[in-house]
Amino acid sequence: MNDISYYPFLEKFCERWLGAWNSHDTHTVLELLHPDISWDDRTFWTHIMHGHDEVRCYVDRIWGVMHDVEFDEIQRFFAPDACRALVLFR
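Report on the accompanying structure.

Here is what the cut-offs are and how they apply
- All residue numbers here refer to positions counted from 1 along the written sequence of the relevant chain.
- Reporting of local features is limited, given that this is a predicted model, to residues whose pLDDT is at least 70; pairs of side-chain atoms are given and counted only at 80 or more, and all residues count toward the totals for whole chains, interfaces and linings.
- Only hydrogens and water are set aside; all other atoms, that is, all heavy atoms of the structure, feed into the side-chain values.
- Pairing of aromatic rings covers Phe, Tyr and the six-membered ring of Trp, with a centre-to-centre limit of 6.5 Å; geometry is then stacked below 30 degrees between planes, edge-to-face above 60, and tilted otherwise.
- Strands are runs of DSSP state E lasting at least two residues, helices are runs of H or I lasting at least four, and both sets are numbered from the N terminus onward.
- Relative accessibility thresholds used throughout: buried, under 20% of the residue-type maximum; exposed, over 50%; partly exposed, between the two (1.4 Å probe, protein chains only).
- Under the convention used throughout, the expected extent of a helix is 1.5 Å for every residue step, that is, one less than its residue count.
- Here a residue-residue contact requires only that any non-hydrogen atoms of the pair lie within 4.5 Å.
- Between Lys or Arg on one side and Asp or Glu on the other, a salt bridge is scored when a side-chain nitrogen of the former is within 4 Å of a carboxyl oxygen of the latter.
- Between any two strands, pairing holds if DSSP finds at least two bridges.
- Put simply, a nonpolar core is a bunch of buried Ala, Val, Leu, Ile, Met, Phe, Trp, Tyr and Cys residues held in one set by side-chain atoms that sit within 4.5 Å of each other.

**Quick notes on the packing of aromatic side chains**
If you walk through the whole model with that rule in mind, you get 10 aromatic pairs. For the ring pair Phe-71 and Phe-89, a centre distance of 5.1 Å and an interplane angle of 85 degrees mean the geometry is edge-to-face. One end of the pair, Phe-71, is in the loop between helix H3 (51-65) and strand S3 (73-79); the other, Phe-89, is in strand S4 (residues 84-89), and 18 residues separate them in sequence. Exposure remark for Phe-71: the relative accessible area of 13% places this residue in the buried category. Through a chain of ring-to-ring contacts, the aromatic side chains of Phe-9, Phe-13, Trp-17, Trp-21, Trp-39, Trp-45, Tyr-58, Trp-63, Phe-71 and Phe-89 assemble into a single cluster.

Below is the structure:
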């Protein structure tokens, strides 16, 4: 069943997600994450991160290394049945 009722939420969340990253404000990014988040970006980090404290270190490091980084959306993919979306950005 393709429940389109999730689309407005997913659209808004995508906008908030990219806005949070482009704000360069760690607190704004963390507000969008569940407190028990597991974040796997072993391309740039040595281990899977768990919880806001570990992700905070990662995000702060991004701002420290790439202080002028800005993210642009490439494409969105929605799976409303699973209540999830994927946003590709660069």
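Structure shown, so let's carry the discussion forward.
**A closer look at helix H1 (residues 7-23)**
Look at H1: 24 Å from first C-alpha to last across 17 residues, which is about the 24 Å you get at 1.5 Å a residue. Check the buried side of H1 and you find it contacts helix H2 (26-31), strand S1 (38-39), H3, S3 and S4. Looking at the residues trailing H1, positive phi occurs at His-24, about 60 degrees.

**Considering the pattern of salt bridges**
Scanning the model with the defined rule gives four salt bridges in all. Two residues, Asp-40 and Arg-42, come together in a salt bridge whose shortest N-O distance is 2.7 Å. Note that Arg-56 is salt-bridged to Asp-53, the shortest N-O span being 2.8 Å. Here Arg-56 pairs with Asp-53, and both are found in helix H3, just three residues apart, close to one helical turn.

**Thoughts on the pairing of S4**
Of the pairings in the sheet, the one linking S3 to S4 comprises six bridges and is antiparallel in character. Looking at the pairing, Glu-73 lines up with Phe-89 of S4. The loop that links S3 with its antiparallel partner S4 comprises four residues; one of these, Cys-83, has a positive phi angle of about 50 degrees.

**Things to note about the environment of Leu-10**
Examined against the element boundaries, Leu-10 turns out to sit in helix H1. What makes Leu-10 buried here is its relative accessible area of 4%. Once the C-alpha coordinates of Leu-10 and Asp-72 are considered, the two residues, 62 residues apart in sequence, prove to be 17 Å apart. Excluding its chain neighbours within four sequence positions, the residues that come into contact with Leu-10 are Phe-78, Pro-80, Cys-83, Arg-84 and Ala-85.

**Concerning the nonpolar core**
Counting 20 residues, the largest nonpolar core has Trp-21, Leu-33, Trp-39, Val-55, Tyr-58, Val-59 and Trp-63 as its most contacted members. Elements with a minimum of two residues in this core: H1, H2 and H3.

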